[in-house]
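Architecture at a glance
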Amino acid sequence: MRIWSGCMANKTVIDLLEDFSFRHAKIDQENERRMKNDAEIMKLEEQKRALLAEKLKRAFLAEDAAGFDGEIAELGRRQDEIARAKGLLIPYACPACRDTGLVGRKYCACFLREVYQSIYGAADVDALTESFERADMSVFDGEKELAMGKTQRALAELAYGICKKYVDAFPDTPRLNLLLRGKAGLGKSYLLRCVASAAKKRGIDVCLIRAGELFGAFFRHRMGEEMPLSFLQDAQLLLVDDLGTEPMTQNVTTEYLFDLLNRRLEAGRHTAVATNVDDLQGRYGERISSRLESRECAVLMLDGTDLRLRR
Ligand SMILES: [Zn+2]
C-alpha cells in the first residue's frame, strides 16, 4: 500500500483551492445538464420561470411581489427531490464542503488532508491499513526480560495502551504530547500509524509526516520558495515519524523544528514524535530536547529485538 506520495508536488494552496473549485464546478455543470434532460424537472422549470417573470413584472410596476419567492423555492425543492429520487445527480466527494474546500470561512478537513499530502508530502491517512484493533502483540518477544524488568511485549503493550487512550481521550488527553523512543525496527512507525488511523476515524484533523519531508518543507521555506508552514502549526494532531533520520542543515534544522514545536506547545496543539535518537539534547540542543521531553509529554519506550529480524 502506497501511503507516501514520495515527493512533494510543486503545488501551492491557491493551486489546490483552484483544483477544488474546478471539481465543484464540473459536478455542478454535469448535474445541471442531467436535470435539463429530464422532462418532469423541466416542466417545473417552466413554471418557475413564469413565476419569476411575473414577479419581475409586478416589481417593475411597484406592486407587491413578495408572495412569489416561497412558491419559486418550493418548485426548486421539488426539482431536487425528483432528481434525487431518480438518482440523476453525481454526489460531491465531500458533502461537508461540496468539494469547494471551504466550510464557511474555514478550510474543510478534506482540503487540509490534500494540503498535507500535496504540499508537504505527508502520508495518505485514508490509505492506512494499521489499526489498534489489528495490531498483533505476538510479534513482540514475551519471554526475555529486558533491562527494565519488562519483556519487549510488555513494553509494547504499555505503549499501545497509552497511545490508544491518547486518541480516545482527544483533545482532553492526559498529556498534550507523545514521544515514542527506541531503536529502529521496534514498531514505532506502526504505532504512530495506528494513532493516525484511529484519529482519522474520530474525525480529528491529523497530519502524519516523516522527518525527511518535514525538514524538506522547512528547507524550501528557508530557500524562499512558496511554502506555507501555518498548516503544520495549526494541524489538530501532528505526528512526526523518524525524527533523527533527516540530514542536519545549518540554520534550518534546529531553528525551524524549535519554532514548530514551540508554537504548537504554546497553542496547546497535540504533537506526537517517534525517534530513534538516544541523545536528543546532543543532536538538537537543549531548547528542543526540553520541549520534546517536557512535562507536557508522555515518553514511551520501546525496546528489544528488531522485529524485522524476528520474522
Ligand atoms: Zn470537504
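Below: a short report on this structure. Bear in mind the structure is a predicted one, so any value in this text is a computation, not a measurement.

1. So, the overall build of the protein chain
What the protein chain contains, in helices and strands, is twelve helices and seven strands. In terms of C-alpha radius of gyration, the protein chain reaches 26 Å, well past the compact-globule figure of 19 Å for 311 residues. Expressed along its principal axes, the backbone C-alpha trace of the protein chain runs to roughly 90 × 45 × 35 Å. Among the 311 residues that make up the protein chain, the fraction classed as buried is 45%. Counting contacts in the protein chain only where the partners sit at least 6 residues apart, residues at least 24 apart contribute 79% of the total. Counting every atom, the protein chain has about 17000 Å² of accessible surface; 50% of that belongs to carbon and sulfur. Here the protein chain contributes 48 positively and 49 negatively charged side chains, and the mean placements of these two sets differ by 1 Å.

2. Some thoughts on the packing of helix H2 (residues 39-60) against helix H3 (residues 68-85)
Running from N to C, H2 and H3 cross one another at 165°; their axes reach a closest spacing of 10 Å. Between H2 and H3, the interaxial angle falls into the category roughly antiparallel. Both H2 and H3 take part in a crossing whose hand is left-handed. Facing Glu 40, Ile 41, Leu 44, Glu 45, Gln 47, Lys 48, Leu 51, Leu 52, Glu 54, Lys 55 and Arg 58 of H2, the residues of H3 in contact are Phe 68, Asp 69, Glu 71, Ile 72, Leu 75, Gly 76, Arg 78, Gln 79, Ile 82 and Ala 83. The class makeup of the residues in the contact of H2 with H3 is nine nonpolar, three polar and nine charged.

3. Examining the environment of Ala 267
On the secondary structure map, Ala 267 appears in the loop between helix H9 (253-266) and strand S6 (270-275). Take Ala 267: its relative accessible area is 48%, and that puts it in the partly exposed class. Separated by 33 residues in the primary sequence, Ala 267 and Asp 234 place their C-alpha atoms 8.6 Å from one another.

4. Considering the pairing of strand S3 (residues 177-181)
Counted residue by residue, S3 has five buried out of five residues, so it is predominantly covered. Pairing between S3 and strand S7 (residues 297-301): five bridges, direction parallel. Within the sheet, the bridge partner assigned to Leu 179 lies in S7 and is Val 299.

5. Overview of the coordination of the zinc ion
Distances from the zinc ion to its protein donors, namely Cys 94 (SG), Cys 97 (SG), Cys 108 (SG) and Cys 110 (SG), fall within the range 2.2 to 2.3 Å. Bound by four donor atoms, the zinc ion shows angles of 104 to 113° at the metal and therefore tetrahedral coordination geometry. We note that the donor set of the zinc ion lies within a single chain, spaced as C-x2-C-x10-C-x1-C. With Cys 94 in the loop between H3 and strand S1 (102-103) and Cys 110 in helix H4 (residues 109-120), this pair connects stretches of sequence that are 16 residues apart. Judged on exposure class, the residue Cys 94 and its partner Cys 110 are both buried.

6. Here's the deal with unusual backbone geometry
A cis geometry characterises the amide bond from Phe 170 onward to Pro 171, with omega recorded as 5°. Examined against the element boundaries, Pro 171 turns out to sit in the loop between helix H5 (152-169) and S3.

7. Some remarks on the packing of aromatic side chains
Taken as a whole and assessed by the stated rule, the structure comprises eight aromatic pairs. Here the aromatic rings of Tyr 166 and Phe 170 are separated by 6.5 Å at their centres, their planes lie at 75°, and the arrangement is edge-to-face. For the pair shown, Tyr 166 and Phe 170 are each scored as buried. Aromatic ring contacts, followed pair by pair, group Phe 20, Tyr 107, Phe 111 and Phe 231 into a single cluster. When the ring centre of Phe 20 is taken as reference, the NZ or CZ atom of Arg 23 above it lies at 4.4 Å. Looking at Arg 287, its charged tip hangs above the ring of Phe 258, at a distance of 3.8 Å from the centre.

8. Focus on the pattern of salt bridges
Following the criterion strictly, the structure yields 23 salt bridges and no others. Taking the shortest distance from any N to any O, the salt bridge between Arg 113 and Asp 126 comes out at 3.2 Å. Of this pair, Arg 113 sits in helix H4 while Asp 126 sits in the loop between H4 and H5, and the two are 13 residues apart along the sequence. For Asp 126, a relative accessible area of 43% gives the class partly exposed. We note a salt bridge from Lys 164 to Asp 168, for which the minimum N-O separation is 3.0 Å. Linking Lys 164 with Asp 168, this pair stays in helix H5, spanning four residues, or about one helical turn. Given the relative accessible area of 32%, Lys 164 is considered partly exposed.

What counts and how
- Residues numbered from 1 in each chain as written.
- Predicted model: local features only at pLDDT ≥ 70, side-chain atom pairs only at ≥ 80, totals over all residues.
- Heavy atoms only, no water.
- Helix = DSSP H or I, 4+ residues; strand = E, 2+ residues; numbered from the N terminus.
- Rg over C-alpha atoms; globule rule 2.2 N^0.38 Å.
- Buried < 20%, exposed > 50% of the residue type's maximum accessible area, 1.4 Å probe, protein only.
- Contact = heavy atoms within 4.5 Å.
- Areas by Shrake-Rupley, 256 points an atom, 1.4 Å probe, with all protein chains shown as cover.
- Lys, Arg positive; Asp, Glu negative; His and termini not counted.
- Charge placed at Lys NZ, Arg CZ, Asp CG, Glu CD.
- Axes fitted to C-alpha atoms, helices over the stretch in contact; angles between N-to-C directions.
- Parallel < 35°, antiparallel > 145°, perpendicular 65-115°, else oblique.
- Left-handed = near helix turned anticlockwise from the far one by under 90°.
- Nonpolar A, V, L, I, M, F, W, Y, C, P; charged D, E, K, R; others polar.
- Pairing = 2+ DSSP bridges.
- Donors = N, O, S within 2.8 Å, 3.2 Å for Na, K, Ca; no water.
- Tetrahedral: all angles 85-135°; square planar, octahedral: opposite > 155°, others 65-115°.
- Phe/Tyr/Trp six-rings, centres within 6.5 Å; stacked < 30°, edge-to-face > 60°.
- Lys NZ or Arg CZ within 6 Å of the ring centre and 35° of its normal.
- Salt bridge = Lys/Arg side-chain N within 4 Å of Asp/Glu carboxyl O.

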